[in-house]
Amino acid sequence: MTAIYEVRGSVAVITLSNPPVNGLAYETRKAAAAAIEQAENDAAVKALLITGAGKAFSGGADIKEFGSPLALAEPNLLSLIALVEACSKPVVAAIHSVCMGGGLELALGCHYRVVAPGSKIALPEVKLGLLPGAGGTQRLPRALGVEPALNMIVSGEPVNAEVLAQVPGQKLFDRVLTGDLLAEALAFAEAVADKRPLPRVRDLKAQHAKPEAFFQFARNSVGAMSKNFPAPLRCLEAVAAAVNMRFDEGIRNEREGFAALMVTPESKALRHAFFAERAASKIADVPDSTPLRPIAKVAVIGAGTMGGGIAMNFLNAGLPVTLLETQQAALDRGVATISKNYEAQVKKGKLKEDKYQQRMALLSTTLAYAEIADADLVIEAVFEEMAVKEAVFKQLDAVMKPGAILASNTSTLDLNKIAGFTRRPQDVVGLHFFSPANVMRLLEVVRGAATAKDVLATVMALAKKIRKTAVVSGVCDGFIGNRMIEQYSRQAGFLLDEGCSPAQVDRAAEKFGFAMGPFRMGDLAGNDIGWAIRKRRYQEKPGLRYSKSADLLCELGRFGQKTGAGWYDYAPGKRDAIPSELVAKMLDQHRAALGITPRQIGDEEIVHRLVFSLVNEAAHLLEEGIAQRASDVDMVYLSGYGFPLWRGGPMCYADTLGLFNVQQAMKRFARNPLDDGEFWQPAPLLARLVAEGKSFT
Ligand code: T1G
């Protein structure tokens, strides 16, 4: 964590060096400040050049420091940038690869900026629930123009340097250097060494022809898209200040906004999610150096909804896929569905026609197992019955080349048992995609007892390639996500028994931030799925009590949208959920039969029973080693179950409330005779964390 100083000719070259992305941590800032002082005091030095070692100029402030004294320890980022800007000799930023957040703010404090084409330029702080807090909201509008700067700051999205260099009148980049960046940047620095006055971005004006009208329009559109996130609107106000205030006032205003956002629960949740996503890709006992098995060809068994969606993920990543079915008609249907999905994307302008054709050209089909023998990875997505899995895996074991990875898309069956159908259990792994498989980001990687480490490393790397958020799960019924959602669904049923309507529960859950409440979700996914699982459950675990309301609903054939009616009624061909008189009457009769007098239940109790049931079940999963870490559980729920991102996931939310309070609530729920007192006993891990005053994440 440092900054390397060397003098080349009459130019002092300061190289930020804090792998992997040259985060501007305290040690790096301190070393950079010392290097600037050294260059100032060296008469032989006529100009300074700042660049970054390795794969980035700088990825910005070191997010790991946030919340610790180091983040603000002097020289903090503002002080370092002020030092650069006040330097008596020209400071040139030589930018390559990645220049983001505080890294771009540091470059904006330099007198000149030269950049290699293809460099990703961004102020992504808004994605962390923050705003650029080291002058970015004041300097970027001055260097790039108010509108393009506002777009970058409010979206947080990276833009290629050469695109920004073409913005009319921009002063962000003095040169785009297409050759050897360092050599050409040194030549540039020599050329400007004696030029005075030193150009400073702060001396430029941030102007707009109609600022009030523009910012009012921007306020309305940004406000509409960021209901639960305070940062985008604060970013906008900070940029407006660049137009309406003097520079130093604008900086003060920016600092206040930054400090206010830093302590918001939304920013803490977004920062938690940032690290959680990266932590999930790590497996404690599988080192990063584990060699990967080459994956050049993929086969998918089963051309149904899941098989087709799974195949698309690999086609999208440019990998050839062979789709295998038992009937030609099923194959034709599968290919037609894939093609229809792509055509829909082309129609929406989300996919270019030539890309669509390229992807379809990578798809082949077969009815013969022998024709997939040389695939490096085969994924079965056949009917969720162990006997069917057994037949498939025995076939695969017989035909697949040695070293091929055999994956099951099972959503609840015992992967160890499936692996046992083969003579190569070490090559068997679970790849549990979520429907629609070509859309949902979550991928549960199910690690069998025998799954080899290089198989795990390979599928985790492949998950990144197909842009999935992979989370490793051990083997249990329902793995991580579905095992937890089963408790969530049980609570939803109990709430109906006790007096809630489906719409009331859904409204509370959606007000909390779930993309969809449990009953709308059931109607969408199909209530018969849960029905099948409960029937199995009644055999396996007769002691596990469920509300019978969902069974009553299914006995009426009300499986949801696919049957035109479920918990809700639906107008023909429509998806709008209409509260159903029939279901209301069914529930009244059901409660009467149980002798239950319905009671008013508030939103808070509804939400806490739903969410804490996830938390308690997750605590058991963590103890059993099914989930590696609490942040993995959060990633499962953020990327696969519509949990609100601004709350960071169920475990992060529980920590935000305080585990003591969660435990207290659970004790109250346990006293409700119509609920499941045994389930609400706090998991030992949860009780231990409370006793020690600790948190999950
Ligand atoms: N701070 C700390 N660690 C960081 C980091 C950062 N800014 N950026 C990345 N890492 C770690 C990451 O956790 C992972 O660690 C490793 O680097 C590789 O990351 C005042 C306040 C730069 C585009 O938001 O977008 O400046 O898991 O897997 O795919 O206004 O990382 O290996 O231990 O993502 O090549 C603003 C966030 C900060 C940029 C590289 N900057 N980073 O992508 O690698 S706030 C950001 C990214 C700020 C100022 C404000 C990406 C990347 P590990 P990676 P990548």
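Residues numbered from 1 in each chain as written. Predicted model: local features only at pLDDT ≥ 70, side-chain atom pairs only at ≥ 80, totals over all residues. Heavy atoms only, no water.

For the chain, an unreviewed UniProt entry supplies the name 3-hydroxyacyl-CoA dehydrogenase and the organism Roseateles oligotrophus. Turning to the chain, the UniProt record has this under Subcellular location (unreviewed entry): "Peroxisome". Check the Pathway (unreviewed entry) section of the UniProt entry for the chain; it says "Lipid metabolism; fatty acid beta-oxidation." (UniProt positions renumbered as here; feature names shortened; annotations may be inferred.)

This part takes up the overall build of the chain. Within the chain, the regular secondary structure consists of 28 helices and 19 strands. Expected size for 697 residues packed as a compact globule is a radius of gyration near 26 Å; at 29 Å, the chain falls within 12% of this value. Based on the C-alpha atoms only, the size of the chain along its principal axes is roughly 90 × 60 × 50 Å. Counting across all 697 residues of the chain, residues that qualify as buried make up 55%. For the chain, contacts bridging at least 24 residues in sequence account for 73% of all contacts bridging at least 6. A total of about 29,200 Å² of accessible surface is found on the chain, and carbon and sulfur atoms cover 56% of it. Distance between charge centres in the chain, computed from 80 positive and 75 negative side chains, equals 2 Å. (Helix = DSSP H or I, 4+ residues; strand = E, 2+ residues; numbered from the N terminus. Rg over C-alpha atoms; globule rule 2.2 N^0.38 Å. Buried < 20%, exposed > 50% of the residue type's maximum accessible area, 1.4 Å probe, protein only. Contact = heavy atoms within 4.5 Å. Areas by Shrake-Rupley, 256 points an atom, 1.4 Å probe, with all protein chains shown as cover. Lys, Arg positive; Asp, Glu negative; His and termini not counted. Charge placed at Lys NZ, Arg CZ, Asp CG, Glu CD.)

What follows concerns the UniProt feature "domain: 3-hydroxyacyl-CoA dehydrogenase NAD binding" (unreviewed entry) in the chain. According to UniProt, the positions carrying the feature "domain: 3-hydroxyacyl-CoA dehydrogenase NAD binding" (unreviewed entry) are residues 297-473. From the first C-alpha to the last, residues 297-473 spans 25 Å; its make-up is 41% helix and 20% strand.

Attention now moves to helix H20 (residues 518-525). Those residues of H20 that sit buried are Pro518, Phe519, Gly522 and Asp523. For H20, the buried positions fall inside an angular range of 140° around the axis, keeping them on one side. Elements in contact with the buried residues of H20: helix H18 (481-498), helix H19 (502-512), helix H21 (527-540) and strand E18 (568-569). Gly526 sits one or two positions beyond H20 and adopts a positive phi of about 115°. (Arc of directions from axis to C-beta.)

Take the sheet that holds strand E5 (residues 98-100) next. Strand order in the open sheet formed by three strands is E5-E7-E8, and the pairing between neighbours is mixed. Two strands close off the open sheet at either side, each with one partner strand: E5 and strand E8 (159-160). Relative to E8, strand E7 (residues 120-122) runs antiparallel, the two being bridged by two bridges. Looking at the pairing, Lys120 lines up with Asn160 of E8. Helix H3 (residues 102-109) rests against E5 and E7 of the sheet, and its axis sits at about 85° to E5. (Pairing = 2+ DSSP bridges. Axes fitted to C-alpha atoms, helices over the stretch in contact; angles between N-to-C directions.)

A word on helix H24 (residues 603-624). The end-to-end C-alpha distance of H24 is 32 Å, a good match for the 32 Å that 22 residues give at a rise of 1.5 Å each. Burial analysis of H24 places 16 of its 22 residues in the buried class, the great majority of the element. At the exit of H24 stands Gly625, carrying a positive phi of roughly 75°. (Expected span 1.5 Å × (residues − 1).)

On to empty space enclosed by the protein. What the rule picks out here adds up to one cavity of 30 Å³ or more. In this model, the largest cavity occupies a volume close to 30 Å³. The element contributing the most residues to the lining of the largest cavity is helix H17 (residues 453-465), with three residues. Class assignment of the residues belonging to the lining of the largest cavity gives a composition of seven nonpolar, no polar and no charged. (1 Å grid on protein atoms, 1.4 Å probe; cavity = no way out; pocket = protein on both sides within 12 Å on 5 of 7 lines; lining within 4 Å. Points joined across faces, edges and corners; volume = space filled by probe spheres on them. Nonpolar A, V, L, I, M, F, W, Y, C, P; charged D, E, K, R; others polar.)

As a further point, take the UniProt feature "domain: 3-hydroxyacyl-CoA dehydrogenase C-terminal" (unreviewed entry) in the chain. With numbering aligned to this structure, UniProt lists the feature "domain: 3-hydroxyacyl-CoA dehydrogenase C-terminal" (unreviewed entry) at residues 478-570 and 606-694. As a span, residues 478-570 carries 62% helix and 2% strand, and end to end its C-alpha atoms are 30 Å apart. Along residues 606-694 the backbone is 65% helical and 0% strand, and the end-to-end C-alpha distance reaches 26 Å.

Looking now at the packing of aromatic side chains. Counted under the stated rule, the structure contains 17 aromatic pairs. Here the aromatic rings of Phe679 and Trp680 are separated by 5.0 Å at their centres, their planes lie at 65°, and the arrangement is edge-to-face. Taken as a pair, Phe679 and Trp680 share a single burial class, namely buried. Counting every residue linked through ring pairs, the aromatic cluster contains Tyr488, Phe512, Phe514, Phe643 and Tyr653. Geometry around Tyr546 places Arg490 over its ring, the cationic atom sitting 5.7 Å from the centre. The residue whose ring lies beneath Lys535 is Trp531, and the NZ or CZ to ring-centre distance is 3.6 Å. (Phe/Tyr/Trp six-rings, centres within 6.5 Å; stacked < 30°, edge-to-face > 60°. Lys NZ or Arg CZ within 6 Å of the ring centre and 35° of its normal.)

The next point concerns the sheet that holds strand E13 (residues 377-380). In space, the eight strands of this open sheet follow the order E12-E11-E10-E13-E14-E15-E16-E17, with mixed pairing throughout. Each having just a single partner strand, strand E12 (363-366) and strand E17 (469-473) make up the two edges of the open sheet. Between one strand and the next, the sheet's axes are offset by a mean angle of 25°, whatever the strand orientation. Relative to strand E11 (residues 321-324), strand E10 (residues 298-301) runs parallel, the two being bridged by four bridges. Looking at E11, one finds that Ile301 is bridged to Leu324. Packing against the sheet, helix H13 (residues 328-347) makes contact with E11 and E12, and its axis sits at approximately 165° to E12.

Our next topic: the packing of H3 against helix H4 (residues 136-144). It is the contact of H3 with H4, at a shortest axis distance of 10 Å, that shows an interaxial angle of 60°. One way to sum up the angle between H3 and H4 is to call them oblique. With respect to the hand of their crossing, H3 and H4 are arranged in left-handed fashion. From H3, Glu105, Leu108 and Gly109 reach across to H4, where they touch Gly136, Arg139, Leu140 and Ala143. A class-by-class count of the residues in the contact of H3 with H4 yields three nonpolar, two polar and two charged. (Parallel < 35°, antiparallel > 145°, perpendicular 65-115°, else oblique. Left-handed = near helix turned anticlockwise from the far one by under 90°.)

Turning our attention to the nonpolar core. Ranked by internal contacts, the top residues of the largest apolar core, which has 70 residues, are Leu48, Ile95, Ile121, Leu140, Leu172 and Phe215. Here this core takes eight residues from helix H9 (residues 231-244), the largest share from any one element. Counting 68 residues, the second largest nonpolar core, distinct from the first, contains Cys476, Cys500, Phe512 and Phe519. (Core = buried A, V, L, I, M, F, W, Y, C linked by side-chain atoms within 4.5 Å.)

Here we take up the pairing of E17. Across the five residues that make up E17, a large majority, five, are buried. Residues Thr469, Val471 and Ser473 point to one face of E17 and Ala470 and Val472 to the other, with burial holding for every one of them. Sheet analysis places strand E16 (residues 442-446) next to E17, joined by five bridges and oriented parallel. Within the sheet, the bridge partner assigned to Glu444 lies in E17 and is Val471.

Here we take up the site of the ligand. Around the ligand, the structure places 27 residues, and the nearest of them are Gly59, Gly102, Glu105, Glu125 and Arg278. Take Lys55: an N or O atom from its side chain is 3.1 Å from an oxygen atom of the ligand. Within the complex, the protein chains bury 77% of what would otherwise be the 990 Å² of accessible surface of the ligand. Looking at the shell around the ligand, the elements with two or more residues in it are E5, H3 and helix H11 (265-280). Here the shell around the ligand takes three residues from H11, the largest share from any one element. (Near = heavy atom within 4 Å. Polar contact = N/O pair within 3.5 Å; in protein donor to acceptor, adjacent residues only side chain to side chain.)

Before going further, it helps to spend a moment on the pattern of salt bridges. Across all of its chains, the model carries 42 salt bridges by this definition. Here Asp427 and Arg293 are joined by a salt bridge, their closest N and O atoms 3.0 Å apart. Of this pair, Asp427 sits in the loop between helix H16 (415-419) and strand E15 (428-433) while Arg293 is found in the loop between H11 and E10, placing the two residues 134 residues apart along the sequence. What makes Asp427 buried here is its relative accessible area of 5%. Taking the shortest distance from any N to any O, the salt bridge between Asp603 and Lys511 comes out at 2.9 Å. With Asp603 in helix H24 and Lys511 in helix H19, this pair connects stretches of sequence that are 92 residues apart. (Salt bridge = Lys/Arg side-chain N within 4 Å of Asp/Glu carboxyl O.)

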